[in-house]
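Structural description and commentary
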Amino acid sequence: TLGLLGMYILIWLGFFIYVDYRIFQRKKEIEKVFPDYLQLVAANINAGMPVDKSLWFAIRPRFGILAKEMEEVAKATMVGKKLETSLIAFSKKYDSLTIERALNLLLEGMESGSEIGDLLSRVATNMRETEIIKKEMAANVTTYVIFILFATIGVAPFLFGLTTELIVIM
């Protein structure tokens, strides 16, 4: 019975890890195309569309999961829900700090009456630059890890052998 209980716990743990991994992958896929979507929304707003219509008309099939989610947001606003409520619900759904910050900036820009198209364009550019910086940091860390592994696995045994021989010679 203990083995059966352990197997049951292991299966549940594997299931939760799988679900958590899928959620993470979905969030990363949305974050990857979100700047492009914001750029299209900004272009629509600069062309004279209202915000809710520009969110709807910026949806493209190439955005994948984001397109489906933004369709749900647009449909909710067409049914009568407030745009702010729908966008906040979307940002909370994926627990992404970058999406939440971008949508909060959009909502604050709408409240203050600022130039939303320019704001969204800057946010999209900033998100792309942040992603590039993250990739550069990951590459630098990987380089350091490779150097340290080479030093510990390749060079250290050679130096230990050399010092042993030097002790024998002395």
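Conventions we followed
Residues numbered from 1 in each chain as written. Predicted model: local features only at pLDDT ≥ 70, side-chain atom pairs only at ≥ 80, totals over all residues. Heavy atoms only, no water. Helix = DSSP H or I, 4+ residues; strand = E, 2+ residues; numbered from the N terminus. Rg over C-alpha atoms; globule rule 2.2 N^0.38 Å. Buried < 20%, exposed > 50% of the residue type's maximum accessible area, 1.4 Å probe, protein only. Contact = heavy atoms within 4.5 Å. Areas by Shrake-Rupley, 256 points an atom, 1.4 Å probe, with all protein chains shown as cover. Lys, Arg positive; Asp, Glu negative; His and termini not counted. Charge placed at Lys NZ, Arg CZ, Asp CG, Glu CD. Axes fitted to C-alpha atoms, helices over the stretch in contact; angles between N-to-C directions. Parallel < 35°, antiparallel > 145°, perpendicular 65-115°, else oblique. Left-handed = near helix turned anticlockwise from the far one by under 90°. Nonpolar A, V, L, I, M, F, W, Y, C, P; charged D, E, K, R; others polar.

So, on to the overall build of the protein. The number of helices and strands found in the protein is six helices and zero strands. Reading the secondary structure of the protein in the N-to-C direction produces α-α-α-α-α-α. Here the C-alpha atoms of the protein give a radius of gyration of 25 Å, more than 25% beyond the 15 Å that 2.2 N^0.38 yields for 170 residues. Based on the C-alpha atoms only, the size of the protein along its principal axes is roughly 85 × 55 × 30 Å. Looking at the protein as a whole, 27% of its 170 residues qualify as buried. Counting only contacts in the protein whose residues sit at least 6 apart along the sequence, the fraction spanning at least 24 positions is 54%. Surface exposure of the protein reaches about 12100 Å², of which carbon and sulfur atoms provide 67%. Mean positive and mean negative side-chain charge positions of the protein (19 and 19 charges, respectively) differ by 5 Å.

Looking now at the environment of Ala 89. Within the secondary structure, Ala 89 sits in helix α4 (residues 83-94). Between the C-alpha atoms of Ala 89 and Ile 59, which are 30 residues apart in sequence, the distance is 18 Å.

The next subject is the packing of helix α3 (residues 65-79) against α4. Helix packing for two helices is described by the angle between their axes and how far apart those axes are. Look at α3 against α4: their axes get within 8 Å of each other, and the N-to-C directions meet at 150 degrees. With respect to each other, α3 and α4 are oriented roughly antiparallel. Handedness of the α3/α4 crossing: right-handed. Of the residues in α4, those in contact with Ile 65, Leu 66, Glu 69, Met 70, Glu 72, Val 73, Ala 76 and Thr 77 of α3 are Leu 83, Ser 86, Leu 87, Phe 90, Lys 93 and Tyr 94. Counted by class, the contact of α3 with α4 contains nine nonpolar, two polar and three charged residues.

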